[in-house]
Amino acid sequence: MEPSWFDSLLNTKFYTSCDLHPNLRGNKKSGFCIDCSVSFCKNCTIHDLHRQVNIWKYAYHEVVRVQDMERHFCCSEIHPYKANGKIAVHLNSRSQSVDTKSLKAKSGNPCEECGRHVQDPHRFCSIACKVSVNSKPKDQSVGTVVTPSPDCRNLSFKGKTSPETNVSELESTISIAESTEETKTSPSSSQPRKRGRKAIPHRAPFF
């Protein structure tokens, strides 16, 4: 179970102007106070004695350095990046910019929560994805085998693939099942047809 301040951290919008210091330099909110569950800028000295986490920008997305976050949260199994010479991980998931079909040619797996490509042996692309998967019950977490219902005996699949791949595989399986069912119910063309008796030939009368 993750601490209560995690929701605020993952839902806070950083690098916006601080309302308390609108006219001062360095008023972009680039820090998060764990004790107060709020973001702050460099001029907010009220949080100096509190537990803090600095938020950085990497490719227009918010990241946090692993060495800072490890004090409060285990960042293992999250795909890391090197930002300004430091190892960092993303706070939230990003939109999938690569076609999922091309992921098969790469070494790695999709993120167990959002499906974004991550390199082995990592399982998640961001802190938010790891928190989301770990907060689910074991029978609902991604990566477990789904028990097929009686109406879908041949449609069982594993959920450790990306959402797009699951949909395409499920649709193709359904179409195969429907075509098989139609073949069973339609009359076979190899069965002999019943032919009626031939009429008795009539000869032409003699003159």
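What counts and what doesn't
- Residues numbered from 1 in each chain as written.
- Predicted model: local features only at pLDDT ≥ 70, side-chain atom pairs only at ≥ 80, totals over all residues.
- Heavy atoms only, no water.
- Helix = DSSP H or I, 4+ residues; strand = E, 2+ residues; numbered from the N terminus.
- Buried < 20%, exposed > 50% of the residue type's maximum accessible area, 1.4 Å probe, protein only.
- Contact = heavy atoms within 4.5 Å.
- Areas by Shrake-Rupley, 256 points an atom, 1.4 Å probe, with all protein chains shown as cover.
- Pairing = 2+ DSSP bridges.
- Axes fitted to C-alpha atoms, helices over the stretch in contact; angles between N-to-C directions.
- Core = buried A, V, L, I, M, F, W, Y, C linked by side-chain atoms within 4.5 Å.
- Phe/Tyr/Trp six-rings, centres within 6.5 Å; stacked < 30°, edge-to-face > 60°.
- Lys NZ or Arg CZ within 6 Å of the ring centre and 35° of its normal.
- pLDDT = per-residue confidence, 0-100.

The name given to the protein chain in an unreviewed UniProt entry is PLATZ transcription factor family protein, with the source organism recorded as Citrullus colocynthis.

Broken down by element type, the protein chain carries four helices and nine strands. The secondary structure elements of the protein chain, listed N-terminal to C-terminal, are α-β-β-β-β-β-α-β-β-β-β-α-α. The buried share among the 207 residues of the protein chain stands at 30%. When contacts within the protein chain are restricted to residue pairs at least 6 apart in sequence, those whose partners lie at least 24 apart make up 37%. For the protein chain, the exposed area adds up to about 15,000 Å²; of that, 52% sits on carbon and sulfur atoms.

Taken together, the four strands give an open sheet; going across it, the order is 4-5-7-6, and neighbouring strands pair in antiparallel fashion. If you trace the sheet from one side to the other, it starts and ends with strand 4 (56–58) and strand 6 (81–83), each paired once. Going across the sheet, the axis of each strand differs from the next one's by a mean of 55°, ignoring polarity. Where strand 4 lies against strand 5 (residues 61–65), three bridges are found, and the strand directions are antiparallel. Each residue of the ladder has a partner; that of lysine 57, found in strand 5, is glutamate 62.

On to the nonpolar core, then. Membership of the largest hydrophobic core comes to 26 residues, with the highest contact counts inside it found for Phe6, Leu9, Met69, Phe73, Leu91 and Ile127. For this core, the elements supplying multiple residues, two or more each, are helix 1 (5–11), helix 2 (66–69) and helix 3 (127–134). In terms of residue count, helix 3 provides more of this core than any other element does, five residues in total. Counting residues in each nonpolar core, the second largest holds five residues, with Cys18, Phe40, Cys41 and Cys44 among its members.

This part takes up the packing of aromatic side chains. On inspection of all chains with the given rule, the structure shows five aromatic pairs. One aromatic cluster is present, formed by Trp5, Phe6, Phe14, Phe32 and Phe73 through successive ring pairs. Sitting over the ring of tryptophan 56, arginine 65 keeps its end group 4.0 Å from the ring centre.

Attention now goes to helix 3. The buried count for helix 3 comes to six of eight residues, which makes it a mostly enclosed element. Listing the buried residues of helix 3 in full gives Ile127, Ala128, Cys129, Lys130, Val131 and Val133. Those residues of helix 3 that are buried are in contact with helix 1, strand 5, helix 2 and strand 7 (86–90).

Low-confidence regions, as indicated by low pLDDT, have predicted coordinates that should not be scrutinised in detail. Confidence in the prediction of the protein chain, expressed as mean pLDDT, is 73, and 59% of residues score 70 or more. The model gives residues 141–190 a pLDDT under 50, and that stretch makes 35 contacts with residues more than four places away or in other chains.

On to the side chain of serine 30, then. Among the structural elements, serine 30 can be located in the loop between helix 1 and strand 1 (31–33). For serine 30, a relative accessible area of 16% gives the class buried.

The next thing to look at is the sheet that holds strand 3 (residues 52–54). Pairing is antiparallel in the open sheet, where three strands are placed in the order 2-1-3. Two strands in the sheet have a free side with no partner beyond their single neighbour: strand 2 (38–40) and strand 3. Between one strand and the next, the sheet's axes are offset by a mean angle of 30°, whatever the strand orientation. Note: strand 1 against strand 2, three bridges, orientation antiparallel. Counterpart to phenylalanine 32 in the pairing with strand 2 is serine 39.

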